[in-house]
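Analysis of the macromolecular model
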Amino acid sequence: MFNSRLKKKISELDSELEIFKQRIDLLENENNRIHAILNSMVEGVIAVDKDTRVLWLNPTAENIFNISQKNAQGKIFLEVFPNNDIADVIALVLKGKEPVSKELALIWPVQKVFQVNASPIFESKVTSGCLLVIHDITEIRRLETMRRDFVANVSHELKTPLTSIKGFVETLLEGALEDKENSVNFLKIINTHADRLNTLINDLLDLSHIESKEIVLKKDKFDLAGLVNEVISGFKSQAKKKGIEINSALPQGLEIFADKSKIEQVFTNLVNNAIKYNKENGFVRIYSEQLADKIKIVVEDSGSGIPAKDIPRIFERFYRVDKARSRQLGGTGLGLSIVKHIIELHGGNVGVESTEGLGSKFWFILPIS
Amino acid sequence: MVKKIMIVEDDKDVNDLIAYNLRKEDFYVEQAFDGLSAQERIRKESFNIVILDIMLPGIDGFDICKLIKDDPRNFHTFIIVVSAKSHEQDKLYAHLLGADCYLSKPFNLASLLSTVREISANLDKEFLVKSR
């Protein structure tokens, strides 16, 4: 009798144990799933208890703040993340029991911009902690600033020639047409500025085309020396005016696989600069150096050179060493930027070596095949 | 009284354009094409009107504006800013530094000239009152 009751109890316990085991498995699986989600999130996640002690953080949060879970766990938030703005957000959530969303700029330990979403954690209707989801929006903000600067730059570049055109037309209409000596000169100035507007718009369109993701390079095998000779002959009269000699020492039969019209634009922009910023009776030399599976092309000039402080920024859009001089020479400030983009599209890179007063060597490296 | 006007503008064509139109109206005009040479001239001499661009190589227009207004000799100098910077904050900053008028590029030549004429007429009136 006792035995049978015992047996029944044991079997009941067994089945209960089975149910518990299943429940534990279920919970474990769920826990693993949540961990997998948290671990793979691009946002940083930090959980703190009601005393702001760190309970847990995911790998992204570890990366953002450069701290490990092991070192942070159990410590007061401000001790491990010395940032008052985030601590204020946590305090607000713990007190107000409402989610808070805020954009915060961090200077230390890293200079970044974050979107912080903080929500309270409830345990039987009592706030027991706070969960922070931190989204790094530094790159988004940086791109926005870049776009704003670009628009400001473009509008300034468009307004400059427009100011001259409008002013001289007004002057002519106000009676300067009778001023025979000056009126022709004024018309010439208007013409120059209209040309400049046109060049600027073309360069902008080129740049936006090259920068767009959809661009498809029409790659082909072609003779580099032949292309360079064509470009040089296009600059003959411009070079002659300043007495500049242009030489190409590229070996005959040097073939590369690239988009011919784009590479032509690279040479056109580099040779154009080399002539424009050269001294009277100077020279422009184009030569190559064979590297393992690449080719380095150098366009050297005997011009005024580039001050060392300007070299790191010379390939930036609208960056000019001497703004007034560039304008006077009809530059748009986009030529080198276009060169850089084209070469990078081909998997190559660009650079410059220059000594002030002695000249510059603009180079680019392209893969041969 | 012939008014002395200084044009500070790095774009040669725009500078020449303003100078041409003002000389035609018998103003005495001096031209500066960068901040540094403008600074030199302004330190030596006082002008009735300064027409000033903001984005200049070297020293910018805001600095020149401050330089003029910091000198008590230039108490009566009128500053007309002509700039492609058209943000409200730039205008406000220029006014805070003592600019009297702000024209955005591309500016209307007629309104620049009428502003100069108006200032000049007021200077004449002041002169008459003082000399009485």
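Residues numbered from 1 in each chain as written. Chains lettered and ligands numbered in written order. Predicted model: local features only at pLDDT ≥ 70, side-chain atom pairs only at ≥ 80, totals over all residues. Heavy atoms only, no water.

Here we look at the overall build of chain B
If you tally the helices and strands in chain B, you get five helices and five strands. When the helices and strands of chain B are placed in sequence order, the string is β-α-β-α-β-α-β-α-β-α. Evaluated residue by residue, chain B yields a buried proportion of 51% over its 132 residues. Across chain B, the fraction of contacts at a sequence separation of at least 24, relative to all contacts at a separation of at least 6, is 63%. For chain B, the accessible area works out to roughly 6,500 Å², and carbon and sulfur atoms hold 55% of it. (Helix = DSSP H or I, 4+ residues; strand = E, 2+ residues; numbered from the N terminus. Buried < 20%, exposed > 50% of the residue type's maximum accessible area, 1.4 Å probe, protein only. Contact = heavy atoms within 4.5 Å. Areas by Shrake-Rupley, 256 points an atom, 1.4 Å probe, with all protein chains shown as cover.)

Brief notes about the interface of chain B and chain A
If you look at the interface, chain B gives 17 residues, while chain A gives 21 residues. For the pairing of chain B and chain A, the buried interface totals around 1,600 Å² over both sides, and the portion due to carbon and sulfur atoms is 59%. On inspection of chain B and its partner chain A, the count reaches zero salt bridges. One can count seven residue pairs in polar contact (both at pLDDT 80 or more) joining chain B with chain A. Going through the elements one at a time, α1 (12-24) and α5 (109-131) of chain B are the ones with two or more residues in the side of chain B that touches chain A. Partitioned by chemical class, the residues of the side of chain B that touches chain A number nine nonpolar, three polar and five charged. (Buried area = accessible area lost by both parts, 1.4 Å probe. Salt bridge = Lys/Arg side-chain N within 4 Å of Asp/Glu carboxyl O. Polar contact = N/O pair within 3.5 Å; in protein donor to acceptor, adjacent residues only side chain to side chain. Nonpolar A, V, L, I, M, F, W, Y, C, P; charged D, E, K, R; others polar.)

Topic: the pairing of strand β5 (residues 101-104) of chain B
Where strand β4 (residues 78-83) of chain B meets β5 of chain B, four bridges bridge the pair, whose relative direction is parallel. Paired with V82 of chain B across the strands is L103 of chain B, a residue of β5 of chain B. (Pairing = 2+ DSSP bridges.)

Side note on the packing of aromatic side chains
Taken as a whole and judged by the stated rule, the model has nine aromatic pairs over all chains. The ring of W363 of chain A has K296 of chain A lying over it, and the distance from NZ or CZ to the ring centre is 4.9 Å. Directly above the ring of F47 of chain B sits K4 of chain B, whose terminal nitrogen or CZ lies 5.5 Å from the centroid. (Phe/Tyr/Trp six-rings, centres within 6.5 Å; stacked < 30°, edge-to-face > 60°. Lys NZ or Arg CZ within 6 Å of the ring centre and 35° of its normal.)

With respect to the packing of helix α7 (residues 180-211) of chain A against helix α12 (residues 335-345) of chain A
Residues and elements named next belong to chain A. Following both chains from N to C, one finds α7 and α12 inclined at 25 degrees, their axes separated by 10 Å at the closest point. Classified by the angle their axes make, α7 and α12 are roughly parallel. Here α7 runs over α12; the crossing is left-handed. Of the residues in α12, those touching α7 at D203, D206, L207, I210 and E211 are S337, I338, H341, I342 and L345. Each residue belonging to the contact of α7 with α12 can be placed in one class, and the counts come to five nonpolar, two polar and three charged. (Axes fitted to C-alpha atoms, helices over the stretch in contact; angles between N-to-C directions. Parallel < 35°, antiparallel > 145°, perpendicular 65-115°, else oblique. Left-handed = near helix turned anticlockwise from the far one by under 90°.)

A look at the sheet that holds strand β10 (residues 294-301) of chain A
Residue and element names in this part refer to chain A. Strand order in the open sheet formed by five strands is β7-β9-β10-β12-β11, and the pairing between neighbours is mixed. The outermost strands of the open sheet, each flanked by one partner alone, are β7 (245-248) and β11 (349-355). When the angles between neighbouring strand axes are averaged without regard to direction, this sheet yields 15 degrees. For β11 and strand β12 (residues 359-367), the ladder comprises seven bridges, and the chain directions are antiparallel. By the bridge assignment for β12, S354 is matched with S360.

A look at unusual backbone geometry
The omega torsion across K105 of chain B and P106 of chain B is -5 degrees, close enough to zero to call that bond cis. For N66 of chain A, which is not a glycine, the phi torsion comes out positive at approximately 55 degrees. Considering the arrangement of structural elements, one finds N66 of chain A in the loop between α2 (59-65) and α3 (69-72). With phi around 65 degrees, F318 of chain A is a residue other than glycine that occupies positive phi space. Locating F318 of chain A in the fold gives a position in the loop between β10 and α11 (323-328).

Here's the deal with the sheet that holds strand β4 (residues 112-123) of chain A
All names here are of chain A. Across the sheet, five strands lie side by side as β2-β1-β5-β4-β3; this open sheet has antiparallel pairing. For this open sheet the edge positions go to β2 (54-57) and β3 (100-106), each flanked by a neighbour on one side alone. The average angle at which neighbouring strand axes cross in this sheet is 25 degrees, direction not considered. Note that strand β1 (residues 44-49) and β2 share three bridges and pair antiparallel.

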